[in-house]
Amino acid sequence: MIVGCILLACTLLVGASSGSRAGQPLKPPCRPGFSQNFYTVIVPRDVLHGQSILKVTFEDCQRSREVGFVSSDPNFSVRPDGSVYTEQEVANLSEPVQFMVTARGLHDPHIWETTVKLALAGHLHPLPLTKIGFEEMLSRVWESQPRVIKFSRRHQRGSSANSLRRQKRDWVIPPINVPENSRGPFPHMLVRIRSDQDKDVGIRYSITGAGADQPPSGIYNIDPISGNMFVTQPLDREERASFHLRAHAVDMNGNQVENPIDLYIYVIDMNDNRPEFQNQVYNGSVAEGSKPGSSVMQVTATDSDDSTTANGMVRYRILSQTPHSPIPNMFTINSETGDIVTVAAGLDREKVSQYTIIVQATDMEGNLNFGLSNTATALISITDINDNPPELTVRTFSGEVPENKVNVVVTNLTVVDRDQPHSPNWNAVYRIVSGDPSGHFTIRTNPITNEGMLTVVKPVDFEMNRAFMLTVVVSNQAHLASGIQSSLQSTAGVTISVQDVNEPPVFPVNPKMIRFEEGVPAGTTLTVFAAQDPDHFIHQIVRYSKLSDPANWLKINRTNGQITTMALLDRESIYVKNNMYEATFLAYDNGSPQASGTGTLQIYLIDVNDNAPVLIPKEAQICERARPNSRINITASDADAEPNVGPFVFELPSFPASIRRNWTISRLSGDYAQLRLRIPYLEAGVYEIPVIVSDSGNPPLSNRSMIRIKVCPCDNNGDCSATGAVAAAGLGTGAIIAILICIIILLSMVLLFVVWMKRREKERQAKPLLIDPEDDVRDNILKYDEEGGGEEDQDYDLSQLQQPESLDHIINKPTGVRRVDERPVIAESQYPVRPSVPHPGDIGDFINDGLRAADNDPTAPPYDSLLVFDYEGSGSTAGSVSSLNSTSSGDQDYDYLNDWGPRFKKLADLYGGGEDD
């Protein structure tokens with residue numbers, strides 16, 4: 001079988017990835033093959049013989065596989081290490097070159113392929129991309145495609161028609177180039193696939209792969225009989241840059257006649273995409289005073305076209321600069337990288353704080369005739385440097401301040417700084433360099449106005465300094481920029497005048513302490529507590545008064561300040577703290593306005609022995625029988641201080657004699673002693689024992705103190721028992737009287753309660769009651785129902801509910817015949833009216849008497865009749881209701897009900913009306 005192949009020529013090539021052949025086994029984690037499916041290298045136009053261009057890397061996971069490399073372009077070869085080099089000198093390359101590098105195993109049928117594309121440095125399209133040029137380019141590409149691609153000789157006939165044996169591949173079919181954005185007509189023929197055996201047997205052709213029978217399907221198809229391969233629609237390289245298809249040839253029975261061949265289709269890029277900036281507005285900054293060549297910022301634009309060709313090679317340029325100060329071209333841009341740099345000196349933020357730059361990006365390597373362009377805005381902010389020293393507005397400032405005042409602003413120092421406000425380059429710092437050695441003044445900066453507030457921090461004295469001459473220097477928080485000198489106006493003088501004011505008198509020694517023994521009698525002169533007036537230039541009179549004297553012991557002479565006692569000084573007074581007594585005095589002058597000052601006098605009182613010791617404790621208890629642990633520890637307290645206190649001397653008086661006969665005192669230490677029984681037994685009770693206590697003063701003072709001792713029976717532990725404590729405890733006369741009064745009151749209350757209960761019981765036994773007297777409702781009207789409608793129906797006769805004084809005139813009446821249908825005409829029985837004072841009888845008797853009276857009263861209704869509570873008189877206009885017959889079936893005229901008034905209107909509506917109903 002004859003194997004032929006026509007190499008494809010193209011004007012512009014675009015690479016796409018191609019994988020290993022179908023059926024290549026995968027061996028995870030390592031996959032044999034080239035490290036990349038596509039290599040792109042930019043080379044110069046003159047390539048020397050034997051010059052290495054690049055090196056392809058092949059991954060051999062078994063590390064024992066022998067692999068050979070073959071190039072599809074005879075001008076280039078591949079060394080065993082993967083280095084691609086030129087076979088001969090290739091000069092003046094005018095177009096990019098693309099070829100395939102195939103790796104073959106020497107001992108197995110596997111092959112691997114990768115694509116190598118050589119792009120020429122500085123390559124431009126030879127034709128301008130006008131409408132005519134674009135169509136002419138497409139025409140050239142279409143016309144350059146091979147008309148026929150034949151199947152290579154890959155098998156030989158065996159013992160049967162279906163027996164095929166694969167041979168080594170002779171060469172790789174060059175890729176097919178299809179331009180993007182073609183206008184058709186479609187379908188457009190690309191190549192013809194043909195087998196040499198189509199003359200002997202009927203051949204059917206087909207193609208498989210992405211773009212044919214796999215998504216995106218339908219882009220390519222083939223005539224099964226003629227083998228013509230078509231593209232059915234325009235292609236877009238930015239969506240898909242290449243296609244890998246396989247062509248198949250089978251006979252009429254579906255038997256494979258030729259081995260499948262690989263078809264690589266590359267979509268040729270056209271300049272159909274403008275460069276796009278990543279941002280429409282870029283923000284950058286550069287310091288003022290920067291030198292030419294200082295970097296400012298970078299703008300970046302991308303082009304979706306092939307970046308290895310002129311279609312995707314973007315170039316930048318500056319279209320305009322606003323403002324044009326100091327020159328129109330203060331900045332330039334790197335055409336390839338988009339870096340914006342300064343080209344001239346003279347950037348001054350105080351004149352121009354921001355520049356607006358319009359940047360244009362153009363593809364086709366910046367060719368404005370053929371390339372597509374887009375623009376973006378670059379905002380360049382000029383950052384501030386401290387190139388303007390602060391300057392004081394005047395050379396001399398002045399102010400005045402009252403003496404003895406602090407935190408007073410004397411004057412404001414105004415300054416001008418043209419740097420950026422509220423930045424370290426603008427913030428002023430003031431210093432006093434001379435004229436204030438004592439540190440009376442400081443200068444604080446106003447953070448809003450940047451002014452210097454000269455403030456007094458230490459009081460000034462008019463009598464010492466009547467004026468100050470200060471030298472002030474102003475600077476910034478940040479240092480001045482290199483090469484910038486301080487201004488002469490950064491230094492100024494400040495003249496401060498001190499105002500004299502009336503100062504208060506001052507006590508030279510304050511507080512003043514003096515020492516005296518306590519007990520100094522009244523009228524004793526202690527000291528002279530005088531004050532001085534600091535106003536030396538004004539003659540003023542100073543007067544004194546007492547401001548604070550807690551114990552009211554002292555007085556002061558208002559003219560000369562002499563302190564005299566008015567009472568005895570007592571160190572043990574509650575107003576003396578730690579032997580010190582304090583009093584405060586006021587000194588004031590006769591100036592205008594009047595000024596006053598205070599002074600404190602401290603009197604240290606020396607102790608004398610003027611307080612006798614006091615026995616402690618005042619009460620104690622002891623067992624009635626003498627025991628070793630039955631003792632009372634006693635001590636004493638003395639209001640005096642050392643050495644007029646302990647050690648103390650404790651002793652029992654000689655009278656009465658029973659004291660020393662029953663008790664004894666033994667000394668424990670200088671301040672403590674023990675009191676205990678001298679006899680073995682003392683009757684339980686409360687005893688008051690006098691004890692004489694003496695201190696160690698000179699002369700010593702003694703005190704006869706009483707200690708109240710409860711003598712009580714004790715248990716085995718030496719503690720007073722409960723009964724013993726009660727027996728030993730004594731009650732006073734007042735307590736006994738109070739207890740007796742309480743007992744009498746309780747007995748009286750019980751007696752009164754018993755008498756009241758007996759009287760109540762006697763009343764109940766005299767006449768049993770149905771209800772309690774307080775619950776008697778005989779004087780109350782209980783309204784259970786209301787059947788009447790007017791006030792005339794409420795006039796009830798309540799005489800029957802009242803208890804009559806006597807019912808004998810009714811009970812003794814003879815029994816007669818009584819009618820039940822009308823009221824008797826005989827005179828009614830007169831029931832006596834119940835008196836206003838409640839009757840002592842019971843309501844039960846009242847009801848029984850009323851029952852008997854009703855039974856014998858001929859005017860009373862029968863038992864089966866309703867009780868008549870009120871009698872309205874005879875001769876009723878309504879007649880007797882006994883004549884009514886509700887069972888009558890005859891017609892009854894009820895119209896007369898309408899004449900009875902509004903009370904019978906409802907009844908008239910129910911029964912009246914006649915035929916209207």
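Structure first, text after, so check above.
What you see is a predicted model; the values in this text were computed from it and never measured. (Residues numbered from 1 in each chain as written. Predicted model: local features only at pLDDT ≥ 70, side-chain atom pairs only at ≥ 80, totals over all residues. Heavy atoms only, no water.)

Taken together, four strands build an open sheet; the order of strands is β10-β12-β15-β14 and the sheet is mixed. Looking at which strands have only one partner, the edges of the open sheet turn out to be β10 (148-150) and β14 (220-222). Neighbour-to-neighbour, the strand axes of the sheet open up by a mean angle of 25°, direction not taken into account. Here β10 runs beside strand β12 (residues 188-194); their pairing, made up of three bridges, is parallel. Each residue of the ladder has a partner; that of Val-148, found in β12, is Arg-192. (Pairing = 2+ DSSP bridges. Helix = DSSP H or I, 4+ residues; strand = E, 2+ residues; numbered from the N terminus. Axes fitted to C-alpha atoms, helices over the stretch in contact; angles between N-to-C directions.)

The biggest cluster of nonpolar side chains holds 27 residues, and the ones touching the most others in it are Ile-193, Tyr-220, Met-229 and Leu-263. Of all the secondary-structure elements, those providing two or more residues to this core are β11 (176-179), β12, β13 (204-209), β14, β15 (228-231), β16 (242-250) and β17 (256-268). Among the elements that make up this core, the one with the highest residue count is β17 (five residues). The next biggest cluster of nonpolar side chains, apart from the first, holds 24 residues, and it includes Val-296, Met-297, Met-330 and Ile-340. (Core = buried A, V, L, I, M, F, W, Y, C linked by side-chain atoms within 4.5 Å. Buried < 20%, exposed > 50% of the residue type's maximum accessible area, 1.4 Å probe, protein only.)

Moving on, we get to the sheet that holds strand β26 (residues 373-383). Reading across from one edge, β19-β26-β25-β22 is the order of the four strands in this open sheet, with mixed pairing throughout. In this open sheet, the two edge strands, each paired with only one partner strand, are β19 (281-287) and β22 (315-322). Ignoring strand direction, the axes of neighbouring strands in this sheet form an average angle of 30°. The pairing of strand β25 (residues 354-362) with β26 spans nine bridges and is classified as antiparallel. Residue pairing in the sheet places Thr-356 in a bridge with Leu-379 of β26.

Below, the discussion takes up a nonpolar patch on the surface. On the surface, a cluster of nonpolar side chains totalling about 600 Å² of accessible area is made up of Tyr-896, Trp-900, Phe-904, Leu-907, Leu-910 and Tyr-911. Locating Leu-910 in the fold gives a position in helix α7 (residues 905-911). (Patch = residues over 30% accessible without salt bridge, like charges linked within 9 Å, V, L, I, M, F, W, Y side chains within 5 Å. Areas by Shrake-Rupley, 256 points an atom, 1.4 Å probe, with all protein chains shown as cover. Salt bridge = Lys/Arg side-chain N within 4 Å of Asp/Glu carboxyl O.)

Positionally, Thr-57 belongs in the loop between β3 (52-55) and β4 (58-59). For Thr-57, a relative accessible area of 35% gives the class partly exposed. On a C-alpha basis, the gap between Thr-57 and Phe-34 in space is 5.7 Å, while along the polypeptide they are 23 residues apart. Apart from the residues within four sequence positions on either side, Thr-57 is in contact with Gly-33, Phe-34, Ser-35 and Tyr-39. (Contact = heavy atoms within 4.5 Å.)

Next up on the list: the pattern of salt bridges. Under the counting rule described, the total for this entry stands at twelve salt bridges. Between Arg-315 and Glu-336 there is a salt bridge whose closest N-O contact spans 3.9 Å. With Arg-315 in strand β22 and Glu-336 in the loop between β23 (331-333) and β24 (339-342), this pair connects stretches of sequence that are 21 residues apart. By relative accessible area, which is 55% here, Glu-336 ends up exposed. With a closest N to O distance of 3.2 Å, Arg-349 and Asp-384 form a salt bridge. Taken together, the residues span a long stretch of sequence, with Arg-349 in the loop between β24 and β25 and Asp-384 in the loop between β26 and β27 (391-392) at a distance of 35 residues.

Attention now goes to the state of the cysteines. Counting across every chain of the model gives one disulfide. Between Cys-623 and Cys-714 runs a disulfide, and the two sulfur atoms are separated by 1.8 Å. Here Cys-623 and Cys-714 share a disulfide; its torsion about the S-S bond, -105°, makes the bridge left-handed. Of this pair, Cys-623 sits in strand β44 (residues 619-623) while Cys-714 is found in the loop between β50 (702-712) and α3 (722-728), placing the two residues 91 residues apart along the sequence. Like Cys-714, Cys-623 is buried. (Disulfide = S-S within 2.5 Å.)

It is worth spelling out unusual backbone geometry at this point. Residues apart from glycine generally show negative phi values, whereas peptide bonds are mostly found in trans. Cis geometry is found at the peptide bond from Gly-184 to Pro-185, where omega equals 5°. Relative to the helices and strands, Pro-185 resides in the loop between β11 and β12. Between Asn-510 and Pro-511 the backbone carries a cis peptide bond, its omega angle lying at 0°. For Pro-511, the position within the fold is in the loop between β35 (491-499) and β36 (512-517). Positive phi values are uncommon outside glycine, yet Asn-404 reaches one of about 65°. Among the secondary structure elements, Asn-404 is positioned in the loop between β28 (396-402) and β29 (409-413). Taking relative accessible area as the criterion, Asn-404 reaches 35% and is therefore assigned partly exposed. Although it is not a glycine, Asn-407 adopts a positive phi angle of roughly 60°.

You can see Asn-450 is positioned in the loop between β32 (441-445) and β33 (452-456). Setting aside residues up to four positions removed in sequence, Asn-450 forms contacts with Val-415, Trp-426, Asn-427, Ala-428, Tyr-430 and Thr-445.

Here we take up the packing of aromatic side chains. For any two aromatic rings, the description comes down to two numbers: the centre-to-centre distance and the angle of the planes. This model, assessed by the stated rule, comprises 16 aromatic pairs. Each ring, one from Phe-507 and one from Tyr-544, has its centre 6.5 Å from the other, and the planes form 50°; the classification is tilted. Highlighted residues: Phe-507 in the loop between β35 and β36 and Tyr-544 in strand β38 (residues 543-548), separated in sequence by 37 residues. The class for Tyr-544 is buried, based on a relative accessible area of 5%. The interplanar angle of 85° and the centroid separation of 6.2 Å between the aromatic rings of Phe-529 and Phe-585 together place this pair among those described as edge-to-face. Taken together, the residues span a long stretch of sequence, with Phe-529 in the loop between β37 (525-528) and β38 and Phe-585 in strand β41 (residues 580-588) at a distance of 56 residues. Through a chain of ring-to-ring contacts, the aromatic side chains of Phe-34, Phe-58, Phe-69 and Trp-112 assemble into a single cluster. Here the guanidinium or amino end of Arg-79 rests over the ring plane of Tyr-85, the centre of that ring lying 4.0 Å away. (Phe/Tyr/Trp six-rings, centres within 6.5 Å; stacked < 30°, edge-to-face > 60°. Lys NZ or Arg CZ within 6 Å of the ring centre and 35° of its normal.)

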